[in-house]
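Survey of secondary and tertiary structure
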Amino acid sequence: DWEGDHRAANSGLPCGEKRGWWVLEVDPEKGGETSLNELIAKHSERPVTAVQKAGGGGVHYLFKYNGEAIRNRANNIGEGLDTRSSGGYIVADPSVHPDTGHPYEWVEGQAPWEVEPADAPDWLVDLASSSRKERERKADGASLSQHNSTTDVVEDNADGYGLAALKDECRAIEKAPDG
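This part covers the sheet that holds strand E4 (residues 59-64). One open sheet accounts for six strands, arranged E5-E6-E2-E4-E3-E8; its pairing is antiparallel. One side of each edge strand has no neighbouring strand; the edge strands of this open sheet are strand E5 (73-78) and strand E8 (105-106). Pairing of E5 with strand E6 (residues 81-84) involves two bridges; the strand directions are antiparallel. If you follow Arg 73 over to E6, its bridge partner there is Thr 83.

A cis amide bond links Asp 93 with the next residue in sequence, Pro 94, at an omega value of 15°. Within the secondary structure layout, Pro 94 lies in the loop between strand E7 (89-92) and E8. At Asn 75, a residue that is not glycine, the phi angle is positive and equals roughly 55°. With respect to the helices, strands and loops of the structure, Asn 75 is situated in strand E5. In this structure Asn 75 comes out as partly exposed when scored by relative accessible area, which is 23%.

Ranked by internal contacts, the top residues of the largest apolar core, which has 19 residues, are Trp 22, Leu 24, Tyr 61, Ile 77 and Leu 124. Put simply, the parts of the chain that give this core at least two residues each are strand E2 (21-26), helix H2 (32-42), E4 and helix H3 (122-128). The dominant element in this core, judged by the number of residues it contributes, is H3, at five residues.

Reading the values: rules and limits
- Residues numbered from 1 in each chain as written.
- Predicted model: local features only at pLDDT ≥ 70, side-chain atom pairs only at ≥ 80, totals over all residues.
- Heavy atoms only, no water.
- Pairing = 2+ DSSP bridges.
- Helix = DSSP H or I, 4+ residues; strand = E, 2+ residues; numbered from the N terminus.
- Buried < 20%, exposed > 50% of the residue type's maximum accessible area, 1.4 Å probe, protein only.
- Core = buried A, V, L, I, M, F, W, Y, C linked by side-chain atoms within 4.5 Å.

Right, here's the structure in full:
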């Protein structure tokens, strides 16, 4: 009997394409609130969307899945900010956190049956759909591309052959896969 054997089992809520939403999980113990507040101050407010308080003190923000390439990652967007999408899940109401004994519960007026998961802001989708390494590589490439003159990159007496070889190596590094 399922109910008799698993009364203390928690509920998992799948995320991603089949469910129609992805989740930004904020873990305050790992600096998630600070990271999210810094991103909001830099970019824009986040829209009103479905929100769940996690039993461990965190928060789950549900956003409409629109085909974005968002993967299940930890600390990718910032410290204490995780994403859950296709193949991932969140623990959900009415579950109880095993360490704290606190329940998972939807924020009043912001449960998925009360408010539709909103479209995530473009800046959040951009961050969530790329890896930190990809963003760092793009930033490094942008700083390299800002150096247009020979004197910016190498000494004044550099020859054309050396400069061409350096540019070729920089392009190869930009195109290299992670790892």
